[in-house]
Amino acid sequence: MTPEQALADGTIVFQAIHPEDRGFVEQTINHSKKSGENWICEYRVINEGVVSWVLGRSKPEFKPDGTVIWHGAILDITSQKTLEEELRQTSTTDDLTGAANRRRFTEVLSWEFERLKRNGAGYAVVLFDFDWFKRVNDHYGHHVGDLVLRETAHRIKNELRTGDTLGRIGGEEFAVLLPQCDENSARQFAERLRRSVEQLRFIGFDELGGTITCGVAISDRTDEKPSQILVRADQAMYRGKAQGRNQVVVFDYNDQDSG
């Protein structure tokens, strides 16, 4: 779009705004017009099919006839936005598996915890790690261990619903947060994961396979901290390890002090 085109028809400028951002941009313009404050807005534009980010800054001038003219500039900030997204991904994503890192998973878990307190929206956590994973690293090397973690995480992501979160908690330990999920559904989900991983084979290592043990825990409105559900899931998982591994165990309050 040339400056001449923009001057000839102001609607062209508005039409270039990404459809999802038009309402927001219009709100900021109206606010500037009513308050007299400078207009400052970041939004997306589409030019010949290419989406870019821009930053608009301008000062309103109020004419005697009631019209408003804004004086300022619109700057392309696409490179800055791209860098911000890369930094965001780095800070919230596990580099090896692409799963949420522990910090991000804890953050999302906290959101669900607060939502439970507000409106009773229950959720579940499935915690799991690999059975005998140290043997893989010792026998094949850490590069193959990394392959197992990466491919397994990819397989698990295919099982997730929109809104579910897979997180790498540490080492070979992962957790899945399942919003709006009851005990039975969480158990079925964990069992699907267990079977899926059990059937997984790796390119170049057909003889290499593995299993996982899953611990399932359900949200509890009496919890005082978001992390308490992870403690319950961890207890269930280690009960499964003690019972022979490669299985799904649901946390039971009646069992927490036994075994």
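These numbers come from a predicted model, not from an experiment. (Residues numbered from 1 in each chain as written. Predicted model: local features only at pLDDT ≥ 70, side-chain atom pairs only at ≥ 80, totals over all residues. Heavy atoms only, no water.)

Draft legend 1. Molecular detail of the overall build of the protein. For the protein, the helix and strand inventory stands at 9 helices and 8 strands. When burial is assessed residue by residue, the protein has 40% of its 259 residues classed as buried. Of the roughly 15,200 Å² of accessible surface on the protein, a fraction of 49% belongs to carbon and sulfur atoms. (Helix = DSSP H or I, 4+ residues; strand = E, 2+ residues; numbered from the N terminus. Buried < 20%, exposed > 50% of the residue type's maximum accessible area, 1.4 Å probe, protein only. Areas by Shrake-Rupley, 256 points an atom, 1.4 Å probe, with all protein chains shown as cover.)

Draft legend 2. Fine view of the pairing of strand E4 (residues 123-130). Among the 8 residues that make up E4, 8 are buried, leaving the element largely enclosed by the rest of the structure. Across the two faces of E4 the burial is the same, with Tyr-123, Val-125, Leu-127 and Asp-129 and Ala-124, Val-126, Phe-128 and Phe-130 all buried. Pairing analysis gives 7 bridges linking E4 to strand E6 (residues 173-179), with the strands arranged antiparallel. Opposite Ala-124, over in E6, you have Leu-178 as the bridge partner. Sheet topology places E4 next to strand E7 (residues 212-218); 7 bridges connect them, and they run antiparallel. Paired with Asp-129 across the bridge in E7 is Thr-213. (Pairing = 2+ DSSP bridges.)

Draft legend 3. Structural context of the pairing of strand E2 (residues 50-62). In terms of strand pairing, strand E1 (residues 39-47) meets E2 through 9 bridges, oriented antiparallel. Across the sheet, residue Arg-44 finds its bridge partner in E2, namely Trp-53. Between E1 and E2, which pair antiparallel in sequence order, lie 2 residues; one of them, Glu-48, sits at a positive phi of approximately 55°. Two strands pair when backbone bridges link them, and E2 and strand E3 (residues 68-76) are joined in this way by 9 bridges, in the antiparallel orientation. Bridge pairing in E3 places Val-54 opposite Asp-76. The loop that links E2 with its antiparallel partner E3 comprises 5 residues; one of these, Gly-66, has a positive phi angle of about 95°.

Draft legend 4. Quick peek at the pattern of salt bridges. This structure, assessed with the given rule, holds 16 salt bridges. A salt bridge links Arg-187 to Glu-183; the nearest nitrogen and oxygen atoms lie 3.2 Å apart. Highlighted residues: Arg-187 and Glu-183, both in helix H8 (residues 183-199), separated by 4 residues, approximately one helical turn. On the basis of relative accessibility, which here comes to 33%, the residue Arg-187 falls in the partly exposed class. Here Glu-183 falls in the partly exposed class, since its relative accessible area comes to 35%. Residues Glu-198 and Arg-194 are paired through a salt bridge, measuring 3.3 Å at the closest nitrogen-oxygen approach. Taken as a pair, Glu-198 and Arg-194 lie in helix H8 at a separation of 4 residues, close to a single helical turn. (Salt bridge = Lys/Arg side-chain N within 4 Å of Asp/Glu carboxyl O.)

Draft legend 5. How the structure looks around the sheet that holds strand E5 (residues 165-170). Strand order in the open sheet formed by 5 strands is E5-E6-E4-E7-E8, with mixed pairing between adjacent strands. Only two strands of the sheet have a single neighbouring strand rather than two, namely E5 and strand E8 (248-250). Here the average twist between neighbouring strands, direction ignored, is 20°. Most of the contacts of helix H5 (residues 102-119) go to E6, to which it runs at about 30°, and overall it touches E4, E5 and E6. Packing of helix H9 (residues 228-242) onto the sheet brings it into contact with E4, E6, E7 and E8, and relative to E4 it is tilted by some 40°. (Axes fitted to C-alpha atoms, helices over the stretch in contact; angles between N-to-C directions. Contact = heavy atoms within 4.5 Å.)

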